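# What the coordinates show
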Amino acid sequence: GSAIGIVFLQLFFAASGASGSLLLVLRRAPSLVAFSMMQIAIHFVFLIGIGRGIFRLDPNELYLASNANVGGPTTAAAMAQAKEWNRLTLPALLVGVFGYATATALSLSLG
């Protein structure tokens, strides 16, 4: 069962990435790329700083939480499976889905 799921996840990632052109984005919207990189860097610094510094959480859990927040539940589950962090697969999915739910609710409330 899980082998078939991994194959379909890989097909999903390949189909999603095949249509994109990083060079086109860099040429047409370099400020968007810079802004996105800055957002992810700030997110990662805060996540690691608070997670490791204050809560003393395991780095693997923090990396997976970052992936779930930035990439969503599918990439987080794929990362957990690829790294053989089997006990973290379900939490990665749940954190990613929770992020989708909260972000959707927040954006709808803001109009």
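Parameters and conventions
Residues numbered from 1 in each chain as written. Predicted model: local features only at pLDDT ≥ 70, side-chain atom pairs only at ≥ 80, totals over all residues. Heavy atoms only, no water. Core = buried A, V, L, I, M, F, W, Y, C linked by side-chain atoms within 4.5 Å. Buried < 20%, exposed > 50% of the residue type's maximum accessible area, 1.4 Å probe, protein only. Helix = DSSP H or I, 4+ residues; strand = E, 2+ residues; numbered from the N terminus. Contact = heavy atoms within 4.5 Å. Salt bridge = Lys/Arg side-chain N within 4 Å of Asp/Glu carboxyl O.

## Notes on the nonpolar core
The biggest cluster of nonpolar side chains holds 8 residues, and these are Leu 64, Ala 68, Ala 76, Met 79, Ala 80, Trp 85, Leu 88 and Ala 92. Residue assignment for this core shows that the elements contributing at least two residues are helix 4 (59-71) and helix 5 (73-82). The element that contributes the greatest number of residues to this core is helix 5, accounting for 3 residues. Residues in contact with Leu 88, not counting those within four places in the same chain, are Glu 61, Leu 64 and Ala 80.

## Overview of unusual backbone geometry
The backbone phi angle of Arg 56 is positive, close to 55°, even though this residue is not glycine. By relative accessible area, which is 63% here, Arg 56 ends up exposed.

## Details of the pattern of salt bridges
Within the structure shown, the criterion is met by 1 salt bridge. The salt bridge partner of Arg 87 is Glu 61, with a shortest N-O separation of 3.3 Å. Separated by 26 residues along the polypeptide, Arg 87 in the loop between helix 5 and helix 6 (89-110) and Glu 61 in helix 4 bring together distant segments of the chain. For Glu 61, a relative accessible area of 29% translates into the label partly exposed.

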